[in-house]
Structure formats: C-alpha cells, structure tokens
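These are the residues of each chain, in order.
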Amino acid sequence: MDWSELKATAKLDHSGTILIGVDENKYDITDIVIPDGVEEIADSALAHCYHLKSVSLPLGLRIIGKCAFMKCWSLENIVIPNELEEIGDLAFHGCELKN
C-alpha cells in the first residue's frame, strides 16, 4: 500500500510530521512506504498489522515509538535510516525481521 492509499486512513498530528496510526483496513496492509516529512512514528502506530511484510522509512525519520510495529508477525524487511535517533521499547516485538 503506497502513501496515497494509506493517507486516506492514516492519522497524522497537526504538523503532519508524526504518524499516529491507521484506522480501517489496518489488517489488510502488506507494505508501506512512509513519505519524506514524517519524523516520528508514534507509540503503537502500526501495531497489530498482522499482514505487514515490508516498510520503507523516510530519511528524515528520527523516532520510532514504543510498540510501533508490535505483533506485525509478517514483517520481514525494514530499512532503518541513519538519522534515526530513538527506537522505543518493544518497537518490533513479535516481528520476524530478516533484514
């Protein structure tokens, strides 16, 4: 699911820089490309996206919140940008990351 499809159900903070989470179709998401400009993925933002396999994060991402991808059991691939400053506790708990 690319950002144009995701943003219909995504919740961003007022500045548009924090991905708070997604609403409907959360369980159908298989891949996500989060665009430039998003600096933080909030606590539990994408937790329980059971079919999520791949995530592409923007270069300016600074924070991945606690439990952000918790129980994304199918998550295998994610590229962490060098600029990342913080990964919250249990951010990837229950994931089957391969790289």
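Our subject is the structure that appears above.
Residues numbered from 1 in each chain as written. Predicted model: local features only at pLDDT ≥ 70, side-chain atom pairs only at ≥ 80, totals over all residues. Heavy atoms only, no water.

Caption draft 1: A look at the overall build of the protein chain. Regarding its fold elements, the protein chain presents 1 helix and 8 strands. The N-to-C order of helical and strand elements in the protein chain reads α-β-β-β-β-β-β-β-β. Taking the contacts inside the protein chain whose residues are at least 6 apart along the sequence as the reference set, 20% of them involve residues at least 24 apart. Surface summary for the protein chain: the accessible area is close to 5400 Å², and the carbon and sulfur share equals 49%. (Helix = DSSP H or I, 4+ residues; strand = E, 2+ residues; numbered from the N terminus. Contact = heavy atoms within 4.5 Å. Areas by Shrake-Rupley, 256 points an atom, 1.4 Å probe, with all protein chains shown as cover.)

Caption draft 2: Main features of the sheet that holds strand E7 (residues 77-79). Reading across from one edge, E3-E5-E7 is the order of the 3 strands in this open sheet, with parallel pairing throughout. Each edge of the open sheet carries a strand with a single partner, namely strand E3 (31-33) and E7. The mean angle between the axes of side-by-side strands here comes to 5°, regardless of whether they run parallel or antiparallel. Of the pairings in the sheet, the one linking E3 to strand E5 (residues 54-56) comprises 3 bridges and is parallel in character. Note on E5: the bridge partner recorded for Ile-32 is Val-55. (Pairing = 2+ DSSP bridges. Axes fitted to C-alpha atoms, helices over the stretch in contact; angles between N-to-C directions.)

Caption draft 3: Region of the structure containing the environment of Leu-19. Its place among the elements puts Leu-19 in strand E2 (residues 18-22). Since its relative accessible area comes to 0%, Leu-19 is described here as buried. When the C-alpha atoms of Leu-19 and Leu-46 are compared, they prove to be 9.1 Å apart, with 27 residues separating the residues in sequence. (Buried < 20%, exposed > 50% of the residue type's maximum accessible area, 1.4 Å probe, protein only.)

Caption draft 4: Local environment of the packing of aromatic side chains. Within this structure, the stated rule accounts for 2 aromatic pairs. Judged by centre distance (4.5 Å) and plane angle (25°), the ring pair of Tyr-50 and Trp-73 falls under stacked. One end of the pair, Tyr-50, is in the loop between strand E4 (40-41) and E5; the other, Trp-73, is in the loop between strand E6 (63-64) and E7, and 23 residues separate them in sequence. Look at Phe-69 and Phe-92: their rings are 5.3 Å apart centre to centre, the planes differ by 5°, and that puts the pair in the stacked class. Note that Phe-69 is positioned in the loop between E6 and E7 and Phe-92 in the segment after strand E8 (86-87), a separation of 23 residues in sequence. Each member of the pair Phe-69 and Phe-92 is classed as buried. (Phe/Tyr/Trp six-rings, centres within 6.5 Å; stacked < 30°, edge-to-face > 60°.)

Caption draft 5: Unusual backbone geometry, seen in detail. The backbone of Cys-67 sits at a positive phi, close to 55°, despite the residue not being glycine. Inspection of the secondary structure assignment puts Cys-67 in the loop between E6 and E7. On the accessibility criterion, Cys-67 (16% relative accessible area) is buried. For Lys-71, which is not glycine, the phi torsion reads 60° and is therefore positive.

Caption draft 6: Main features of the environment of Thr-17. Within the secondary structure layout, Thr-17 lies in the loop between strand E1 (10-12) and E2. As a C-alpha pair, Thr-17 and Glu-39 span 22 residues in sequence and 5.3 Å in three-dimensional space. Dropping the residues within four chain positions of it, Thr-17 is found in contact with Gly-37, Val-38, Glu-39 and Glu-40.

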